[in-house]
Amino acid sequence: KQEVTQIPAALSVPEGENLVLNCSFTDSAIYNLQWFRQDPGKGLTSLLLIQSSQREQTSGRLNASLDKSSGRSTLYIAASQPGDSATYLCAVIGSGGSNYKLTFGKGTLLTVNP
Amino acid sequence: SQTIHQWPATLVQPVGSPLSLECTVEGTSNPNLYWYRQAAGRGLQLLFYSVGIGQISSEVPQNLSASRPQDRQFILSSKKLLLSDSGFYLCAWTGGTIGAFFGQGTRLTVV
């Protein structure tokens, strides 16, 4: 059974700081990995998608990496801003025996202080 | 482009009443569809997923059921709601290499 773990559970940083969010998964048979953002009371917004054959993806101040063999991904946020405050969720889509199952971590609650 | 519609946005239902939440996807065919629940302050719990019409996989025993009567329609139902069914319900779809997309969610309060 695929398990996704996100560390830390919560993070508070001053504005302008660079930060890293971590995600690990137990079954390396994944189709892809996706990072989402969720604002309070809202749905999920996709940030970055990494295919299983890729190592990283970048969008603006965000960079996500994937090491499938070790079951790890990181989301790097550069020059953080108060508007980045949200919960960040990591999800993997399984392949093989767990075809198409979309499994989430519990998220990292990020607070960026002005 | 692909879009996902989920309704209603909010719902207040008495204990013991039935439930029907609907999710439809446009702009794609044969999507994989998912229902998640998020209780207050907690993570996303996968309830059901479907890889085709009439194919439903249930993740946890519960008071809910799901159906997929058409390729792009996914319905979450209950015959009698419990207080513990309160939460934020999210529908999602995935398709090949483009990842997962979510509806805006339904906030269900059972009173």
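As a reminder, the structure under discussion sits directly above these lines.
Below or above, wherever it landed, is the structure these notes cover.

**Brief notes about the overall build of chain B**
- For chain B, the count of helices and strands is zero helices and eleven strands.
- For a compact globule of 111 residues, the expected C-alpha radius of gyration is about 13 Å, and chain B comes in at 13 Å, within 12% of that figure.
- Taken along the three principal axes of its C-alpha coordinates, chain B extends 40 × 25 × 20 Å.
- A burial count over chain B gives 47% of its 111 residues as buried.
- Of the contacts made within chain B by residues no fewer than 6 positions apart, 54% connect residues no fewer than 24 positions apart.
- Carbon and sulfur atoms make up 53% of the accessible area of chain B, which totals about 5200 Å².
- Seen as two clouds, the 7 positive and the 5 negative side-chain charges of chain B have centres 8 Å apart.

**Some points on the nonpolar core**
- One finds Phe25(A), Leu33(A), Trp35(A), Leu75(A), Ile77(A), Tyr88(A) and Leu110(A) to be the most contacted residues of the largest nonpolar core, which totals 22 residues.
- Elements supplying a minimum of two residues to this core: strand 3 (19-25), strand 4 (30-38), strand 5 (44-51), strand 7 (62-67), strand 8 (72-77), strand 9 (86-94) and strand 11 (108-113) of chain A.

**Focus: the sheet that holds strand 1 (residues 4-7) of chain A**
All names here are of chain A.
- Strands sit in the order 1-3-8-7-6 across an open sheet of five strands; the sheet is antiparallel. Looking at strand neighbours, the two that pair on one side only are strand 1 and strand 6 (56-59), the edges of this open sheet. Averaged over all neighbouring strand pairs, the angle between strand axes comes to 15 degrees, with direction disregarded.
- As defined by bridge partners, strand 6 adjoins strand 7 across four bridges and the pair is classed as antiparallel. Bridged to Ser59 within strand 7 is Leu62.

**Section: the interface of chain A and chain B**
- Tallying the contact residues gives 21 residues for chain A and 22 residues for chain B.
- Of the roughly 1600 Å² buried where chain A meets chain B, counting both sides, 59% is carbon and sulfur surface.
- Three residues, Tyr100(A), Lys101(A) and Leu102(A), lead the burial of chain A against chain B; their summed loss comes to 31% of the area buried on that side.
- Where chain A touches chain B, the interface holds one salt bridge.
- At the junction of chain A with chain B, the criterion picks out four residue pairs in polar contact (both at pLDDT 80 or more).
- Within the residue set of the side of chain A that touches chain B, elements represented by two or more residues are strand 4, strand 5, strand 9 and strand 10 (102-104) of chain A.
- A per-element tally of the side of chain A that touches chain B places strand 4 of chain A first, with five residues.

**Looking at the packing of aromatic side chains**
- In the structure shown here, the tally under the stated rule is nine aromatic pairs over all chains.
- Seen from their ring centres, Phe36(A) and Phe102(B) are 5.4 Å apart, and the 85 degrees between their planes marks the pair as edge-to-face. Here the residue Phe36(A) occupies a position in strand 4, and Phe102(B) occupies one in strand 10 (residues 100-102), the pair thus bridging two chains. Here Phe36(A) matches Phe102(B) in class, with each residue buried.
- An aromatic cluster of at least three residues, connected via ring pairs, comprises Phe36(A), Phe104(A), Tyr34(B), Tyr36(B), Tyr49(B) and Phe102(B).

**Concerning the environment of Trp93(B)**
Residue and element names in this part refer to chain B.
- Following the sequence through the fold, Trp93 ends up in strand 9 (residues 87-94).
- Exposure remark for Trp93: the relative accessible area of 1% places this residue in the buried category.
- Residues Trp93 and Pro14, 79 residues apart in the sequence, show an inter-C-alpha distance of 29 Å.
- Not counting residues within four places of it along the chain, the set of residues in contact with Trp93 comprises Gln2, Ile4, Val25, Thr28, Pro31, Asn32, Leu33, Tyr34, Ile98, Gly99, Ala100 and Phe101.

**Remarks on the sheet that holds strand 8 (residues 73-78) of chain B**
Residue and element names in this part refer to chain B.
- Spatially, the four strands line up as an open sheet ordered 1-3-8-7, and their pairing is antiparallel. Edge strands, defined here as strands with exactly one partner in the open sheet, are strand 1 (3-7) and strand 7 (65-70). The sheet shows a mean angle of 20 degrees between the axes of neighbouring strands, direction not considered.
- Here six bridges tie strand 3 (residues 19-26) to strand 8, and the two strands are oriented antiparallel to one another. From the neighbouring strand, Leu21 faces strand 8, where its bridge partner is Leu76.

**Re the environment of Ser52(A)**
Residue and element names in this part refer to chain A.
- Counting through the fold element by element, Ser52 comes out in the loop between strand 5 and strand 6.
- Taking the C-alpha atoms as reference, Ser52 lies 6.9 Å from Lys68; in sequence the two are 16 residues apart.
- If we skip the residues at most four places from it in the chain, Ser52 touches Ile30, Tyr31, Asn32, Leu66 and Lys68.

Quick notes on the rules
- Residues numbered from 1 in each chain as written.
- Chains lettered and ligands numbered in written order.
- Predicted model: local features only at pLDDT ≥ 70, side-chain atom pairs only at ≥ 80, totals over all residues.
- Heavy atoms only, no water.
- Helix = DSSP H or I, 4+ residues; strand = E, 2+ residues; numbered from the N terminus.
- Rg over C-alpha atoms; globule rule 2.2 N^0.38 Å.
- Buried < 20%, exposed > 50% of the residue type's maximum accessible area, 1.4 Å probe, protein only.
- Contact = heavy atoms within 4.5 Å.
- Areas by Shrake-Rupley, 256 points an atom, 1.4 Å probe, with all protein chains shown as cover.
- Lys, Arg positive; Asp, Glu negative; His and termini not counted.
- Charge placed at Lys NZ, Arg CZ, Asp CG, Glu CD.
- Core = buried A, V, L, I, M, F, W, Y, C linked by side-chain atoms within 4.5 Å.
- Pairing = 2+ DSSP bridges.
- Axes fitted to C-alpha atoms, helices over the stretch in contact; angles between N-to-C directions.
- Buried area = accessible area lost by both parts, 1.4 Å probe.
- Salt bridge = Lys/Arg side-chain N within 4 Å of Asp/Glu carboxyl O.
- Polar contact = N/O pair within 3.5 Å; in protein donor to acceptor, adjacent residues only side chain to side chain.
- Phe/Tyr/Trp six-rings, centres within 6.5 Å; stacked < 30°, edge-to-face > 60°.

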